[in-house]
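In case you want the letters, here they are:
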Amino acid sequence: MRKIIIAFGPPGIGKGTVGSALSKEMKLPLISVGDLLRDAVKNQSGIGKKAENYMKKGELVPDSLVFELLNERISQKDASAGFILDGFPRNQQQVIMLEKVFIDGDICFAMNLEGSDKVIIERLSNRRICEKCGAIYHLVNIPPEKEGICDKCGGKLIQRVDDSPQIIAKRLDVFKNDTKPILDFYKKKGWLYSIFAEDKLSETLKLIHKVIH
Ligand code: AP5
């Protein structure tokens, strides 16, 4: 019996931050498709080379590439009891692909983290990530102990290339046009919970704990 949690929400609302906290609590791996793609780009793998240009522009990477990465990750041993999915599915085609991943007995929850564009833009402008381990910080709300240095691994903190104002706007458009429409599918299944995610992390987690366990 696997437990699968899908994190939906616009760019920068905190899917990775919340997912990472839940992953520790529930002892399930966080599978972030964005992180898998960024690693592929960093390593300049075949998929990484093809994905790089789409990501720089804030566009969705072709479904087949993303699914190849995801399938490979889900089949690893640590995901056998379940996983937390951040950044998948993002369009109709990916919904169909994910349906093929589910097996009898899976328990599934989908959480839709909600917040205004104003909060999203503020969070993304102040986000820094560790270039080594990918840990996520916010310059004001969740700062590192030492400026510019990752608390977890000592790596250098950098700004993501897609966190510029124009690319943030593009990513918001992609979310509204491609991803938002698929939420209905999960609502009809009875899996979807809307979570107000503008407050501090501990408050957001309290709301999630009320519905996901
Ligand atoms: P991806 O990496 O998934 O980016 P995204 O969906 O735009 O989401 P983000 O990672 O930007 O934000 P988040 O919601 O995780 O917020 P975070 O926790 O970091 O995807 C990147 C690209 O990859 C896509 O544009 C696309 O090209 C490609 N891609 C990915 N998946 C794909 C797919 N399925 N198909 C095709 N292409 C795909 O938090 C943001 C900031 O807020 C941080 O600074 C954090 O510290 C802060 N923060 C978080 N929560 C709180 C809180 N409660 N209070 C205060 N601050 C907070």
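Rules behind the numbers
Residues numbered from 1 in each chain as written. Predicted model: local features only at pLDDT ≥ 70, side-chain atom pairs only at ≥ 80, totals over all residues. Heavy atoms only, no water. Axes fitted to C-alpha atoms, helices over the stretch in contact; angles between N-to-C directions. Helix = DSSP H or I, 4+ residues; strand = E, 2+ residues; numbered from the N terminus. Parallel < 35°, antiparallel > 145°, perpendicular 65-115°, else oblique. Left-handed = near helix turned anticlockwise from the far one by under 90°. Contact = heavy atoms within 4.5 Å. Nonpolar A, V, L, I, M, F, W, Y, C, P; charged D, E, K, R; others polar. Pairing = 2+ DSSP bridges. Salt bridge = Lys/Arg side-chain N within 4 Å of Asp/Glu carboxyl O. Buried < 20%, exposed > 50% of the residue type's maximum accessible area, 1.4 Å probe, protein only.

**Q** Kindly report on the packing of helix α1 (residues 15-26) against helix α9 (residues 201-211), identifying the contributing residues and their values.
**A** Orientation of α1 relative to α9, taken along the N-to-C sense of each, is 60°, at an axis distance of 11 Å. One way to sum up the angle between α1 and α9 is to call them oblique. In this structure, α1 meets α9 at a crossing whose hand is right-handed. Across from T17, V18, A21, L22 and E25 in α1, the residues of α9 making contact are L201, T204, L205, I208 and H209. Here the residues of the contact of α1 with α9 sort into six nonpolar, three polar and one charged.

**Q** Please set out the sheet that holds strand β1 (residues 3-8) residue by residue, giving values where relevant.
**A** Spatially, the five strands line up as an open sheet ordered β2-β3-β1-β4-β8, and their pairing is parallel. For this open sheet the edge positions go to β2 (30-32) and β8 (192-196), each flanked by a neighbour on one side alone. Strand-to-strand twist of the sheet, defined as the mean angle between neighbouring strand axes without regard to direction, takes the value 25°. One ladder, built from five bridges, connects strand β4 (residues 107-114) with β8; its direction is parallel. Note that in β8 the partner of L113 across the bridge is I195. Lying on the sheet, α1 is in contact with β1, β2, β3 (82-86) and β4; it crosses β3 at an angle near 170°.

**Q** Tell me about the pattern of salt bridges, residues and numbers included.
**A** Inspection of the entire model under this criterion finds ten salt bridges. The residue R127 makes a salt bridge to D163 at a minimum N-O spacing of 3.0 Å. Here D163 lies in the loop between β7 (157-158) and α7 (165-179) and R127 lies in strand β5 (residues 127-130), a separation of 36 residues in the sequence. One exposure class covers both R127 and D163, and it is buried. Connected via shared salt-bridge partners are R127, R160, D162, D163 and R171.

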